[in-house]
Amino acid sequence: MLHVILLGFVKYFWRDAMARISDGDKQVLAARLSSFDTNGLEIPRLSGHTLVKYAGSLTGRDFRANAQAAPFVLHDLGLPDEKLRAWAALSVLVSLVWTPVIDVIDQYLVVISHLLVNRSLTCQC
């Protein structure tokens, strides 16, 4: 999960986003990341400056946080709609893969299988 999802898809999506966003918009992004409410994610507050400036040198933990925040902080920064939809799908995938407790495994497997087979990771489940 770490190498395929976070250090794979998410890392390259983040680097792509940073390459497409103007310098002025990167300052907006850094401010959005720093003010992003992480209470429900069980992660520390985000350092927007670090996540933007050092986009090429982040850790798996940073990419996990980015994947969950990206759909909310990247809007209106010049990224194409298909990129934003891909971020939304990655965000859902990351939250499903890193579910801390799975109470009913059969139900969880049905949901994740449905999302993967139907390529509808943006659905509400």
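A few points on the structure. Everything numeric in this text was worked out from a predicted model, so none of it was measured. (Residues numbered from 1 in each chain as written. Predicted model: local features only at pLDDT ≥ 70, side-chain atom pairs only at ≥ 80, totals over all residues. Heavy atoms only, no water.)

This part is about the environment of Leu115. Checked against the element boundaries, Leu115 lands in helix H6 (residues 105–118). Through-space distance from the C-alpha of Leu115 to that of Phe36 is 27 Å; in sequence the pair is 79 residues apart. (Helix = DSSP H or I, 4+ residues; strand = E, 2+ residues; numbered from the N terminus.)

Each pair of packed helices can be summarised by the angle the axes make with each other and by the distance between the axes. Across the interface, helix H5 (residues 81–97) lies against H6 with an axial gap of 12 Å and an inter-helix angle of 155°. Between H5 and H6, the angle falls in the class roughly antiparallel. Like other packed secondary-structure pairs, H5 and H6 cross with a definite hand, here left-handed. Contacts between H5 and H6 pair Val92, Leu96 and Val97 from the former with Tyr108, Ile112 and Leu115 from the latter. Split by residue class, the contact of H5 with H6 holds 6 nonpolar, no polar and no charged. (Axes fitted to C-alpha atoms, helices over the stretch in contact; angles between N-to-C directions. Parallel < 35°, antiparallel > 145°, perpendicular 65-115°, else oblique. Left-handed = near helix turned anticlockwise from the far one by under 90°. Contact = heavy atoms within 4.5 Å. Nonpolar A, V, L, I, M, F, W, Y, C, P; charged D, E, K, R; others polar.)

This part covers the nonpolar core. One finds Val10, Trp14, Leu29, Leu33 and Leu74 to be the most contacted residues of the largest nonpolar core, which totals 31 residues. Looking at this core, the elements that each hand over two or more residues are helix H1 (2–20), helix H2 (23–35), helix H3 (48–53), helix H4 (60–73) and H5. Not counting residues up to four positions away in its chain, the partners in contact with Leu74 are Trp14, Ile21, Leu29, Arg32, Leu79, Leu84 and Trp87. Membership of the second largest hydrophobic core comes to 5 residues, among which are Val92, Leu96, Tyr108 and Leu115. (Core = buried A, V, L, I, M, F, W, Y, C linked by side-chain atoms within 4.5 Å. Buried < 20%, exposed > 50% of the residue type's maximum accessible area, 1.4 Å probe, protein only.)

End to end, H4 covers 19 Å across 14 residues, agreeing with the expected 20 Å (1.5 Å per residue, within 8%). Along its length, H4 shows its largest kink, about 35°, at Ala67, and proline Pro71 lies within four residues downstream of that point. All of the buried residues along H4 are Gly60, Phe63, Ala65, Asn66, Ala67, Gln68, Ala69, Ala70 and Val73. Each element contacted by the buried residues of H4 is listed here: H1, H2, H3 and H5. (Expected span 1.5 Å × (residues − 1). Bend = angle between axes of the 7 residues up to and from the residue.)

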